[in-house]
Amino acid sequence: MVDNEEMCTYIDSSDEWIQQRTGIVERRWASDDETTESLALDAARNALAHAGLDASAIDGVIVSTVSHFHQTPSLAAIVAAKIGATGAAAFDISAACAGFCYGLAQAESLVRSGAATNVLVIGVETLSRLTDLHDRSTAFLFSDGAGAVVVGPSETNGIGPVIWGSDGDQADVINQTTDWLTAAREGRPAYIAMQGQSVFRWATGFIADAAKRTLEASGLTPDQLDAFVPHQANNRITDSMLRHLKLPDSVVVARSIKTMGNNSAASIPIGIESLLKSGEAKSGDTCLIIGFGAGLVYAGQVITLP
Ligand SMILES: CC(C)(COP(=O)(O)OP(=O)(O)OC[C@H]1O[C@@H](n2cnc3c(N)ncnc32)[C@H](O)[C@@H]1OP(=O)(O)O)[C@@H](O)C(=O)NCCC(=O)NCCS
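First, a word on what this report is: a plain description of the structure on this page. (Residues numbered from 1 in each chain as written. Predicted model: local features only at pLDDT ≥ 70, side-chain atom pairs only at ≥ 80, totals over all residues. Heavy atoms only, no water.)

Thoughts on the packing of aromatic side chains
Per the counting criterion, the structure on display carries 6 aromatic pairs. Between W202 and F292, the aromatic rings sit 6.2 Å apart at their centres with planes inclined by 70°, giving edge-to-face as the arrangement. With a gap of 90 residues between them, W202 in helix α7 (residues 196–218) and F292 in strand β12 (residues 286–293) connect regions that are remote in the sequence. Residue F292 is classed as buried on the basis of its relative accessible area, which comes to 3%. (Phe/Tyr/Trp six-rings, centres within 6.5 Å; stacked < 30°, edge-to-face > 60°. Helix = DSSP H or I, 4+ residues; strand = E, 2+ residues; numbered from the N terminus. Buried < 20%, exposed > 50% of the residue type's maximum accessible area, 1.4 Å probe, protein only.)

Here it is in structure tokens:
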């Protein structure tokens, strides 16, 4: 756990500024003996236990991450083998903070088409290793974590239509300013850079509207929702979305960013888990999720909580 006081030993900032601008009080960074793979494996095993399934029942593994530090092979293939999902189709996707929703959309299509029966979807990041801890514009925000679910056949529809897209014209809003090859040649890491105000404008305008379109596509009205789990980018972005969506007070809203920071592809499953663990939401509840981030990319669905 890294609280804001410790954060301020890396950057010139204050607990008050970080809390006021983002809602973050503390964040999680992986310890030296943890890796993106070990976090993914822990999340995968938890998801299997929660689903009551043996790994042999998994025939698809999708890992969403931007912090698997091998271009090849995929982390998904390694996870599939290590959990015992022998021979499962396995691939990684790079959709940054929208990655979990992208993975869910693909898993849903694979199951619906009959191409797979049970697909494990994992969102995992160790962004602390991709972040310049002395960069005042990113260091306080990014964190590490993992979350996973199993998508399988069901008599009732548990994953609504996906609303998604991209805008590569804004690729430089959040990106690695140097590619790995150049960075390696120059003997330095390829850290993430971010234009905070551009992200903020996009998220509170276009993305808030995409969340509204996601809800409309599901055929539900705001009062039929039980929970809202937006990507845990920033509490001010979440607040702005809430105003735009006009959700009633009965809808519980994930705020796991407070203790977990922004861990990109992991933030939505972790946000869901935090609501389930606290008892604010329960299995079977109807929940709007939306992820958005580097690309720029976004994806949202209305789901039934596992
Ligand atoms: C990152 C973010 C919190 C920065 O806030 P901001 O208000 O845009 O910050 P600015 O760069 O305009 O700087 C405003 C002031 O804060 C100061 N400041 C900037 N970074 C600071 C920091 N880490 N600590 C303390 N002060 C800081 C600046 O010096 C400036 O001070 P001044 O007014 O005295 O000149 C904000 O842009 C944001 O929330 N963006 C969205 C980011 C996000 O969610 N990314 C994830 C997407 S997946």
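Comments concerning the environment of G60
Residue position: G60 is located in strand β3 (residues 60–64). Sequence separation between G60 and V111 is 51 residues; the distance between their C-alpha atoms is 9.4 Å. When sequence neighbours within four positions are dropped, the list of residues in contact with G60 reads A88, A89, N118, V119 and L120. (Contact = heavy atoms within 4.5 Å.)

Focus: the nonpolar core
Of all hydrophobic cores here, the largest spans 42 residues; its most connected members are F228, M241 and F292. Breaking this core down by element, the ones donating at least two residues are β9 (192–194), α7, α8 (235–245), β12 and β13 (297–304). Counting residues per element, this core draws most heavily on α7, which supplies 8 residues. The residues contacting M241, other than those within four sequence positions of it, are A203, I207, A208, F228, P230, I290 and F292. Within the second largest apolar cluster, 30 residues are counted, among which are I62, F100, V121 and I272. (Core = buried A, V, L, I, M, F, W, Y, C linked by side-chain atoms within 4.5 Å.)

Remarks on the pattern of salt bridges
One side chain can pair with another of opposite charge once the charged atoms of both are near each other. What the rule picks out here adds up to 8 salt bridges. One salt bridge connects E26 with R28, and the closest N-O pair in it is separated by 2.9 Å. The exposure class of E26 is buried, given its relative accessible area of 18%. (Salt bridge = Lys/Arg side-chain N within 4 Å of Asp/Glu carboxyl O.)

So, the pairing of strand β7 (residues 163–166)
Side chains I163 and G165 project from β7 onto a buried face, and the interleaved W164 and S166 project onto a face without burial. One ladder, built from 4 bridges, connects β7 with β13; its direction is antiparallel. When the sheet's bridge partners are listed, I163 is paired in β13 with G300. (Pairing = 2+ DSSP bridges.)

Comments concerning the site of the ligand
If you check the shell around the ligand, you find 21 residues, and the closest are S13, R21, G196, Q197 and N234. Contact between the ligand and S13: a nitrogen atom at 2.6 Å from a side-chain N or O atom of the residue. When isolated, the ligand has an accessible area of 960 Å², and the protein chains bury 69% of it. Contributing elements (two or more residues each) for the shell around the ligand: α2 (15–22), α7 and α8. Looking at the shell around the ligand residue by residue, the class counts come to 11 nonpolar, 6 polar and 4 charged. (Near = heavy atom within 4 Å. Polar contact = N/O pair within 3.5 Å; in protein donor to acceptor, adjacent residues only side chain to side chain. Areas by Shrake-Rupley, 256 points an atom, 1.4 Å probe, with all protein chains shown as cover. Nonpolar A, V, L, I, M, F, W, Y, C, P; charged D, E, K, R; others polar.)

A look at the pairing of β3
Of all 5 residues in β3, 5 are buried, a share of seventy percent or more. Here β3 runs beside strand β4 (residues 89–93); their pairing, made up of 5 bridges, is parallel. Its bridge partner being in β4, S64 is matched across the sheet by I93. Crossover handedness for the path β3 to helix α4 (residues 75–83) to β4: right-handed. Strand direction decides the pairing type here: β3 and strand β5 (residues 119–126), joined by 5 bridges, are parallel. Bridge pairing in β5 links S64 to G123. (Right-handed = clockwise from strand over helix to strand, strands pointing away.)

Here we look at the packing of helix α3 (residues 36–51) against α4
Running from N to C, α3 and α4 point in directions that differ by 55°, and their axes come no closer than 10 Å. Relative to α4, the element α3 lies oblique. In terms of crossing hand, the pair formed by α3 and α4 is right-handed. Contacts between α3 and α4 pair T36, E37, A40, L41, A44, R45 and L48 from the former with L75, I78, V79, K82 and I83 from the latter. (Axes fitted to C-alpha atoms, helices over the stretch in contact; angles between N-to-C directions. Parallel < 35°, antiparallel > 145°, perpendicular 65-115°, else oblique. Left-handed = near helix turned anticlockwise from the far one by under 90°.)

Focus: the packing of α7 against α8
Between α7 and α8, the shortest axis-to-axis distance is 9 Å and the interhelical angle comes to 40°. Judged by the inter-axis angle, α7 sits oblique to α8. For the pair α7 and α8, the crossing hand works out as right-handed. Counted together, F200, A203, T204, I207, A208, D209, A211 and K212 of α7 and R236, I237, S240, M241, H244 and L245 of α8 form the full contact between these two elements. Class assignment for the residues of the contact of α7 with α8 results in 8 nonpolar, 3 polar and 3 charged.

Details of the sheet that holds β3
The mixed open sheet is built from 4 strands, whose spatial order is β4-β3-β5-β6. Each edge of the sheet is formed by a strand with only one pairing partner; in this case those strands are β4 and β6 (144–151). Each adjacent strand pair in this sheet contributes to an overall mean axis angle of 15°, direction not counted. In this structure, β5 lies alongside β6, joined through 8 bridges in antiparallel fashion. Across the sheet, residue V121 finds its bridge partner in β6, namely V149.

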